[in-house]
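# Report on the structure
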Amino acid sequence: MELPVSRVTDRFRDEISADSNYPMVRYIKTPLLYNFHAPQTDISGIFWKAMTPENVMSFSALVYFFTKDYFQKTKVPVGIINSKCRRFTGRSVDQRGRFETFSLLSERKTYLRIR
């Protein structure tokens, strides 16, 4: 389930309209596609969107607030991939992540809190 920025504008309208131009923050949403015959090397018809006033309403609200805060603190370009892929087990991608990845995310979270 996803909550787009367009659904939170009633509560955060001033913040979103005044502060939504971050071209170094990119977002891509992958469609839920299956091909049981062969592996795919590309997904056609999708592209990265920069966080601009024209595009921000289709961003996930969580992505908007997190990446905006992260970019303001670190000045590091951010690319967010929204992929809703579920395998036959019913587990999402993040549940199958490697422990090392989650450790790095934890360290990054601590870094953000310190700054």
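A brief look at the structure comes next. (Residues numbered from 1 in each chain as written. Predicted model: local features only at pLDDT ≥ 70, side-chain atom pairs only at ≥ 80, totals over all residues. Heavy atoms only, no water.)

## Here we look at the environment of Val 8
Topologically, Val 8 is positioned in the segment before helix H1 (9–18). Along the primary structure Val 8 and Met 57 are separated by 49 residues, whereas in three dimensions their C-alpha atoms are 9.3 Å apart. (Helix = DSSP H or I, 4+ residues; strand = E, 2+ residues; numbered from the N terminus.)

## A closer look at the packing of aromatic side chains
Using the criterion set out here, one finds 5 aromatic pairs in the structure. Ring geometry for Tyr 64 versus Phe 65: centroids 4.8 Å apart, planes at 75°, classification edge-to-face. Its relative accessible area of 25% is what places Phe 65 among the partly exposed residues. A network of ring pairs unites the aromatic residues Phe 12, Tyr 64 and Phe 65 as a single cluster. (Phe/Tyr/Trp six-rings, centres within 6.5 Å; stacked < 30°, edge-to-face > 60°. Buried < 20%, exposed > 50% of the residue type's maximum accessible area, 1.4 Å probe, protein only.)

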